[in-house]
Amino acid sequence: MKDNPIICNTAKLLKKSCADIKKIFLISFKVDNESELTSFKLALILDDDTHNLPELECRLYLEVDCELPFDLVIYRESEFNRLKNEIGTFAWKIENSGAEIYG
């Protein structure tokens, strides 16, 4: 599913809107009865110098136009790297079952 054009285009637009993105993971997606994508969730791993993550998240939702609903989970790189090896954390789940789209 990580090669889906809607997901790939959304990742491309996110990267264009935010130069601080170091990695993008596809975390999850939903499909309908005909196996058509209906929504998806991406994790963004950002440079540690990125400030005001809530404001950035709002800006990205406003700037990135997608025909399907999508959610974002945002980590600074050092935080993600610290948590990705701790079994049971969401970062661990992303590292072990997410599909890397960018980075």
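Reading the values: the criteria
- Sequence order sets the numbering: in each chain, residues are counted from 1 along the sequence as written.
- Local features are withheld for residues below a pLDDT of 70 in this predicted model, meaning they are given only at 70 or higher, and side-chain atom pairs are given and counted only at 80 or more; totals for whole chains, interfaces and linings count all residues.
- As a convention, hydrogens and water are excluded, and side-chain values are obtained from all of the structure's heavy atoms.
- Any Lys or Arg side-chain nitrogen located within 4 Å of an Asp or Glu carboxyl oxygen qualifies as a salt bridge.
- Each helix corresponds to a stretch of at least 4 residues labelled H or I by DSSP, and each strand to a stretch of at least 2 residues labelled E; elements are numbered beginning at the N terminus.
- For each residue, the accessible area found with a 1.4 Å probe, counting protein chains only, is set against the maximum for its type, and the residue is called buried under 20%, exposed over 50%, and partly exposed in between.
- Note on pairing: DSSP must find at least two bridges between two strands before they are called paired.
- Lines fitted to C-alpha atoms define the axes, with helix axes restricted to the stretch in contact, and inter-axis angles between N-to-C directions lie between 0 and 180 degrees.
- Whether two aromatic rings pair depends on their centres lying within 6.5 Å, for rings of Phe, Tyr and Trp, where Trp uses its six-membered ring; planes under 30 degrees apart make the pair stacked, over 60 edge-to-face, and the rest tilted.

Some points on the pattern of salt bridges
- Per the stated rule, a full pass over the model turns up two salt bridges.
- For Lys-22, the salt bridge identified is with Glu-77, shortest N-O distance 3.6 Å. Here the residue Lys-22 occupies a position in strand E1 (residues 21–31), and Glu-77 occupies one in helix H3 (residues 77–83), the gap between them amounting to 55 residues.
- Given a relative accessible area of 36%, Lys-22 falls into the partly exposed group.

What about unusual backbone geometry?
- Within the chain, Ser-35 stands out as a residue other than glycine whose phi angle is a positive 65 degrees.
- Within the element layout of this structure, Ser-35 appears in the loop between E1 and strand E2 (37–46).
- One non-glycine residue, Asn-52, lies in positive phi territory at about 50 degrees.

Examining the sheet that holds E2
- The sheet built from four strands is open, its strands ordered E3-E2-E1-E4 with mixed pairing. The outermost strands of the open sheet, each flanked by one partner alone, are strand E3 (70–76) and strand E4 (99–102). Within this sheet the neighbouring strands show an average axis-to-axis angle of 30 degrees, counted without direction.
- Here E1 runs beside E2; their pairing, made up of nine bridges, is antiparallel. Its bridge partner lying in E2, Lys-23 is registered against Ile-45.

Focus: the environment of Asn-85
- Position of Asn-85 relative to the elements: it lies in the loop between H3 and helix H4 (90–97).
- Along the sequence, Asn-85 and Leu-13 sit 72 residues apart, while their C-alpha atoms lie 29 Å from each other.

Describing the packing of aromatic side chains
- Counting across every chain of the model gives four aromatic pairs.
- Measuring from centroid to centroid gives 5.6 Å for Tyr-61 and Phe-70, while their planes differ by 35 degrees, and the two rings are tilted.
- Put simply, the rings of Phe-25, Tyr-75 and Phe-80 touch in pairs and so form one group of aromatic residues.

What is shown is where atoms sit, not what they do.
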